[in-house]
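# Geometric and topological summary
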Amino acid sequence: MSNNNSLNVYRGPNSVRDYFDPDSAPPLPLVEIPEGLNPYRGDGVRIYAKMMTMHPANNVKAMPALNLLEKSVVPEKTNTIIEYSSGSTVISMSLISRVYHGIPDVRAFLSNKTSVAKLRLMQFFGLGITLFGGPSQPEPTDERGGIRAAQRLSEDSESIINPNQYENDDNWKSHVRWTGPQILKQLPEINLICAGMGTSGTITGLGTFFKEAKPSVLRLGVCTAAGDRVPGPRSFALLAPVEFPWKSSVDCIEEVGSHDSYSLSLDLCREGIVCGPSSGFNLKGLFQFIEKHKAAGTLQDLAGDDGEIHCVFLCCDLPYQYINEYFDKLGSEYFTPITNESLTKVDLYRYDEAWEKDAAMALPLFLDVKRVTPQGRPLSNLSSETAGEKGVGGTLALKEGTAIIDLRQRADFEEFSLPGSVNLPFANSSSPSPFSDPAVLEALWSKLDNYFSTPPDDLGLLLQGKRIMVLCYDGDSSRVATSVLRAKGYEADSVRGGFQAVKDIRAREAVNAEPPTNTQAIKQGIAVAREVELVMPS
């Protein structure tokens, strides 16, 4: 352990290597859990989390991976590393193999029952993945399993190594080398060490270390309850073929189920000790052990010279790759409900501020001021929904290559509309804005999405290849419609503020509001707006 890098800074050509090296860094944090999470604090029990998650690889397997590769990689000879691992070990190996050994080819053999989140995480770190059927935790000696498959590949090629965390003593010796000494230096008064048992490397290493360094420390191992599953640890029955000297490294074993593991780790996370389910698993095992001694009246037998019982459990990895499993295991009652959750299924397309035009800028892009009556564009199936010259007196004409969609109700459209516009009455002046009422947004977006997924033939022909302006009462419904149209491949824009904004152009002109940034364009917009306003109903 380093005593001369208190600022935790790494520089120079080996900066990342030093960052990963436990001998070049301060010890990983040891954090006492809050009293609200320790039901035995009143009994003199103090509980500390050893944050193995704070290693750069973010998991307890970083220590074994460092030690295994240091002893297994042959310089100038090894170019591929293969390991059977459910995630943490092989992810750590992929990082360490690049940082320390310059080997990018790391391959993971693992169960086909591994979650998609974990598979994606391994792909994220550049691992090659091969899945195997059968038990998710095969026995190391099972010729049908992925553990033996990885071994056989390494035996067939001198350039391939299989560090084999299940049988290689350098796994557990890493905790004799690093983890145990860190904990003892941080907490000399330690009375109990607790770790889960998967490969059993962690508890074997810690148990071996403390047997020599401080024999009074009680060594507690935790196994998965029979028939249950927690990521990482194994059931007691599956430890039988493990060849590490774990039996001489533990004094007691507790069995813990998945529900308690997930719920307790969730509690830890919410109190600032961010960790995955195997960390809650370890803490629950510790709780069970303490409760048994309390019930038997022997709890003080564990106390040290200060009269308190100092317990350390390992926090092994982070929770993020298990998020879906937390919800599956615990159910909705453990999580706050999402307000407006129905919106997760609608309004799915992107918005862009560039698609929402100021009225003064938008109108000249679609309309010309003329004194000649424009020629109408009759459509066989849409004639009743298409405006020709309703109310404009022939002063405005729709520009070539453009189209206008008017979302107002039919009665308002019939009273006044822009030339050549098509009426699709999806908006209502009496309804709240879709951005203030989720039910309105859900209904509006669903109608628009369904409609424009398979629009009527005549409308499709009218809009094809055109630049489209969408209008409504206040601009909000047309903003939603523009998002949908853009997602369907149309070049659509909406008018910010809708028809109300067209009226406001003249009002701004009258009070000489902000100076325009594009004078000519604004003048054209005002000219168009003037013609529109002259004939718009008050």
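Residues numbered from 1 in each chain as written. Predicted model: local features only at pLDDT ≥ 70, side-chain atom pairs only at ≥ 80, totals over all residues. Heavy atoms only, no water.

### Examining the nonpolar core
- Ranked by size, the top nonpolar core spans 49 residues in total, and within it Ile81, Met122, Ile183, Ile190, Ile193, Phe210 and Leu314 carry the most contacts.
- The leading source of residues in this core is helix 2 (residues 62-72), at six residues.
- For isoleucine 81, the contacting residues outside a window of four places in its chain are Leu69, Val73, Met93, Ser97, Ile103, Asp105, Val106, Arg107, Ile161 and Pro163.
- Judged by nonpolar contacts, the second largest core, of 30 residues, contains Leu37, Val256, Ile273 and Ile290. (Core = buried A, V, L, I, M, F, W, Y, C linked by side-chain atoms within 4.5 Å. Buried < 20%, exposed > 50% of the residue type's maximum accessible area, 1.4 Å probe, protein only. Helix = DSSP H or I, 4+ residues; strand = E, 2+ residues; numbered from the N terminus. Contact = heavy atoms within 4.5 Å.)

### As for helix 15 (residues 476-487)
- With 12 residues, helix 15 extends 17 Å between its outermost C-alpha atoms, agreeing within 8% with the 16 Å of an ideal straight helix rising 1.5 Å per residue.
- For helix 15, every residue scored as buried is listed here: Ser477, Ser478, Val480, Ala481, Thr482, Ser483, Val484 and Leu485.
- Residues of helix 15 that are buried make contact with strand 14 (402-406), helix 13 (438-453), strand 16 (467-471) and strand 17 (491-495).
- Glycine 489 sits one or two residues past helix 15 and shows a positive phi near 100 degrees. (Expected span 1.5 Å × (residues − 1).)

### Considerations on the packing of helix 6 (residues 170-186) against helix 7 (residues 201-213)
- Two elements in contact, helix 6 and helix 7, have axes whose closest approach is 7 Å; the angle formed by their N-to-C orientations is 55 degrees. Judged on the interaxial angle alone, helix 7 and helix 6 are oblique. At the point where helix 6 passes helix 7, the crossing takes the right-handed sense. Contact with helix 6, carried on its side by Asn171, Trp172, His175, Val176, Thr179, Gly180, Pro181, Ile183 and Leu184, involves Gly201, Thr202, Thr204, Gly205, Leu206, Thr208, Phe209, Phe210 and Ala213 of helix 7 and no other residues of that element.
- Taken together, the residues of the contact of helix 6 with helix 7 sort by class into nine nonpolar, nine polar and no charged. (Axes fitted to C-alpha atoms, helices over the stretch in contact; angles between N-to-C directions. Parallel < 35°, antiparallel > 145°, perpendicular 65-115°, else oblique. Left-handed = near helix turned anticlockwise from the far one by under 90°. Nonpolar A, V, L, I, M, F, W, Y, C, P; charged D, E, K, R; others polar.)

### A closer look at the pairing of strand 17
- The buried fraction of strand 17 amounts to four of the five residues, a majority that puts the element mostly inside the structure.
- Across two bridges, the pairing between strand 11 (residues 356-357) and strand 17 is parallel. Bridging across to strand 17, lysine 357 finds its partner in valine 495.
- Bridging between strand 16 and strand 17 involves four bridges; their strand directions are parallel. (Pairing = 2+ DSSP bridges.)

### Topic: the sheet that holds strand 6 (residues 160-161)
- Taking strand neighbours across the sheet as the criterion, the four strands line up as 5-4-3-6 in an open arrangement whose pairing is parallel. A strand with exactly one partner marks an edge of an open sheet, and here the two such strands are strand 5 (128-132) and strand 6.
- Across four bridges, strand 3 (residues 80-84) lies against strand 4 (residues 106-111) in parallel orientation. Counterpart to tyrosine 84 in the pairing with strand 4 is phenylalanine 109.
- Sheet strands touched by helix 3 (residues 88-101): strand 3 and strand 4. Its angle to strand 4, the strand with the most contacts, is close to 180 degrees.

### Section: helix 2
- By the criterion of burial, helix 2 is predominantly enclosed, with nine of the 11 residues buried.
- Structurally, helix 2 contributes buried residues whose contacts are with helix 1 (15-20), strand 3, helix 3, strand 6 and helix 6.

### What to know about the confidence of the model for the chain
- Across the chain, the average pLDDT comes to 90, with 89% of residues at 70 or higher.
- Scored below 50 in pLDDT, residues 372-389 makes 35 contacts in the model with residues more than four places away or belonging to other chains. (pLDDT = per-residue confidence, 0-100.)

### Details of the packing of aromatic side chains
- Going through the model one piece at a time under the given rule, you end up with 15 aromatic pairs.
- With a centroid separation of 3.9 Å and an interplanar angle of 15 degrees, the aromatic rings of phenylalanine 327 and phenylalanine 335 are classed as stacked.
- By relative accessible area, which is 15% here, phenylalanine 335 ends up buried.
- By the ring-pair criterion, three or more aromatic residues cluster together here, those being Tyr10, Tyr19 and Phe20.
- Taking NZ or CZ as reference, arginine 408 lies 4.1 Å from the ring centre of phenylalanine 499, over its face.
- The side chain of arginine 479 reaches across the aromatic face of phenylalanine 435, ending 5.0 Å from its centre. (Phe/Tyr/Trp six-rings, centres within 6.5 Å; stacked < 30°, edge-to-face > 60°. Lys NZ or Arg CZ within 6 Å of the ring centre and 35° of its normal.)

### Observations regarding the sheet that holds strand 17
- Across the sheet, which stays open at both edges, the five strands sit in the order 11-17-16-14-15 with parallel pairing between neighbours. Bordering the open sheet on either side are strand 11 and strand 15 (421-423), each of which pairs with just one other strand.
- Strand contacts of helix 11 (residues 359-366): strand 11, strand 14, strand 16 and strand 17, with the helix running at about 135 degrees to strand 16, the strand carrying the most contacts.

### Quick word on the pattern of salt bridges
- In the structure shown here, the tally under the stated rule is 24 salt bridges.
- The salt bridge partner of glutamate 143 is arginine 152, with a shortest N-O separation of 2.9 Å.
- Arginine 152 sits in the partly exposed class, given a relative accessible area of 30%.
- For aspartate 406, the salt bridge is made with arginine 408, and the minimal N-O distance between the two is 2.8 Å. The residues aspartate 406 and arginine 408 share a single accessibility class, namely buried.
- Here the salt bridges do not stand alone but share partners, grouping Glu32, Arg41, Arg46 and Glu308 into one network. (Salt bridge = Lys/Arg side-chain N within 4 Å of Asp/Glu carboxyl O.)

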